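Observations on chain architecture
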Amino acid sequence: MIGEFAKQYLHDDLREAREAVLGKLDGLSEYDVRRPLTATGTNLLGLVKHLALWETRYLGEVFGRPFPEPLPRWDDTEARGRDFWATEQETRAEIVDRYRRAAAHSDATIAALPVDAPGHVPWWPRPDVLLFNVLVHVLTETTRHAGHADILREQLDGATSAPVRDREFWSERYAEIERVAKAAGS
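This one's a predicted model, so the numbers in the text were calculated from it and none came from an experiment.

With respect to helix α5 (residues 131–157)
Compared with an ideal rise of 1.5 Å per residue, which puts 27 residues at 39 Å, α5 spans 38 Å between its outermost C-alpha atoms and is within 8% of the ideal. Taken residue by residue, α5 has L131, V134, L135, V138, L139, T142, H145, A146, A149, L152, R153 and L156 as its buried positions. Buried residues in α5 make contact with α1 (2–23), α2 (30–34), α3 (44–58), α4 (92–112) and β2 (128–130). Directly beyond the C-terminal end of α5, a positive phi value near 80° is found at G158.

Below you can see the structure in the form of structure tokens.
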């Protein structure tokens, strides 16, 4: 009973986190969804591409339910990090559609297996896992990247999920926080 409740609870939160990530692309230009916004090149479309790849691994391969589309091998050192940005040949629509297909594949795995179904994550130090462990991990990673997406989107156009306030409020809040930070550093 508690196992099915936990599985459903985690799955519902994962669905919500996926939509939060995708929502950060809404209304942005191709340039803005792709442009590097950190020193390491983090960008919104790259986060979606990354989540699609790893969700297919964790909620597919790990449980013997491989994603039906080609993927780079998890241990391919040449491919490492390339999932964090979109090439010129990849469109936003393709990446978003892949993420939705990955989510549907994951949803099918979650629905088909009990929460204590065994899986194997060869790249983890303790590779023998349960669906519960992997659900927690994928939810954690998705919400982590949703937080990154929140900050990236705010950098781009000021859009936030914070309560709606006007620019004057945020300007004053920023000034107050800056003043306090400078005072603490003195």
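On we go from here.
A word on the side chain of K24
Topologically, K24 is positioned in the loop between α1 and α2. Here D150 takes part through its side chain, which lies 3.0 Å from a polar atom of the side chain of K24. Once residues within four sequence positions are removed from consideration, K24 is found in contact with L44, A149, D150, R153 and S161.

Topic: the packing of α3 against α4
Following both chains from N to C, one finds α3 and α4 inclined at 30°, their axes separated by 9 Å at the closest point. It follows that α3 is roughly parallel to α4 by the angle criterion. Relative to α4, α3 is oriented so that their crossing is left-handed. Here L45, V48, K49, L51, A52, E55 and T56 of α3 come into contact with α4, specifically with R92, I95, R98, Y99, A102, A103 and S106. For the contact of α3 with α4, the residue count by class is 8 nonpolar, 2 polar and 4 charged.

Examining the pattern of salt bridges
A complete count under the given rule lists 16 salt bridges for this structure. Of the charged contacts, one joins E55 and R18 as a salt bridge, the two residues approaching to 2.4 Å between their closest N and O atoms. Here R18 lies in helix α1 and E55 lies in helix α3, a separation of 37 residues in the sequence. R35 is the partner of D32 in a salt bridge, and the nearest nitrogen-oxygen pair spans 3.0 Å. A network of salt bridges, in which partner residues are shared, links R18, E55 and D107.

Some thoughts on the packing of α1 against α5
The interhelical angle for the contact between α1 and α5, taken along N-to-C directions, is 25°, at an axis separation of 9 Å. Considered as vectors, α1 and α5 are oriented roughly parallel to each other. Of the two possible hands of crossing, α1 and α5 adopt the one that is left-handed. Judged by residue contacts, A6, K7, L10, D13, L14, A17, R18, V21 and G23 of α1 engage L131, F132, L135, V136, V138, L139, T142, T143, H145, A146 and R153 from α5.

Calculation notes
- Residues numbered from 1 in each chain as written.
- Predicted model: local features only at pLDDT ≥ 70, side-chain atom pairs only at ≥ 80, totals over all residues.
- Heavy atoms only, no water.
- Helix = DSSP H or I, 4+ residues; strand = E, 2+ residues; numbered from the N terminus.
- Expected span 1.5 Å × (residues − 1).
- Buried < 20%, exposed > 50% of the residue type's maximum accessible area, 1.4 Å probe, protein only.
- Contact = heavy atoms within 4.5 Å.
- Polar contact = N/O pair within 3.5 Å; in protein donor to acceptor, adjacent residues only side chain to side chain.
- Axes fitted to C-alpha atoms, helices over the stretch in contact; angles between N-to-C directions.
- Parallel < 35°, antiparallel > 145°, perpendicular 65-115°, else oblique.
- Left-handed = near helix turned anticlockwise from the far one by under 90°.
- Nonpolar A, V, L, I, M, F, W, Y, C, P; charged D, E, K, R; others polar.
- Salt bridge = Lys/Arg side-chain N within 4 Å of Asp/Glu carboxyl O.

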